[in-house]
Amino acid sequence: MGFEFRVTASLTQEQRQHIAQMPELAAPAPRPPGGAMPDTDARLTDAGLYICQHLRPDPWHGLAALRVWLDAQGVDYAVAEIDD
């Protein structure tokens, strides 16, 4: 069980730096009730952002904040779930 997706966006260097400093990327996902801390991999790539959360059925906790910020910046982006 887990959640894995890519956010594809054309970002300037300044936008990439801002995203890299977002607290949602630095902070681990909230703990699932009664569960251990999930292993979250959130990283910037050449194409945008890659997020993988192990042991979580719900989307990454920072997705809403990232979407709001990208919308405010006028950045076109796409969110695609990876289904292996």
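Criteria and cut-off values
- Within any chain, residue numbers begin from 1 and follow the written order of that chain's sequence.
- Per-residue local features of the predicted model are confined to residues with pLDDT of at least 70, and side-chain atom pairs are confined, for both listing and counting, to 80 or more; whole-chain, interface and lining totals are unaffected and use all residues.
- The side-chain quantities take in all heavy atoms of the structure and omit both hydrogens and water.
- Per the convention used, a helix needs a DSSP run of H or I reaching at least four residues, while a strand needs a run of E reaching at least two, with both numbered from the N terminus.
- Buried, partly exposed and exposed residues are distinguished by accessible area as a fraction of the type maximum, computed with a 1.4 Å probe on protein chains only: under 20%, between the cut-offs, and over 50%, respectively.
- Per-residue and other accessible areas follow the Shrake-Rupley method at a 1.4 Å probe size, with only the shown protein chains counted as cover for residues.
- Within a predicted model, pLDDT stands for the predictor's per-residue confidence, ranging from 0 to 100.
- This arc corresponds to the set of directions leading from the helix axis out to the C-beta atoms.

(A) Layout of the overall build of the protein chain. A count of helices and strands for the protein chain gives 3 helices and 4 strands. The secondary structure elements of the protein chain, listed N-terminal to C-terminal, are β-α-α-β-β-α-β. Among the 84 residues that make up the protein chain, the fraction classed as buried is 35%. With an accessible surface of roughly 5,300 Å², the protein chain has 51% of that area assigned to carbon and sulfur atoms.

(B) How the structure looks around the confidence of the model for the protein chain. Here the protein chain averages 78 in pLDDT, while 71% of its residues score no lower than 70. Within the protein chain, helix α3 (residues 63–73) carries the highest mean pLDDT (90), whereas helix α2 (residues 23–26) carries the lowest (72).

(C) Focus on the environment of H61. With respect to the secondary-structure elements, H61 resides in the loop between β3 (48–54) and α3. Here H61 falls in the partly exposed class, since its relative accessible area comes to 31%. Considered as a pair, H61 and E24 are 37 residues apart in the sequence and their alpha carbons are 7.2 Å apart.

(D) Structural view of helix α1 (residues 13–20). Regarding α1, the residues found buried are Q15, R16 and I19. Down the axis of α1, the buried set is contained in an arc of 100°. They therefore lie on one face.

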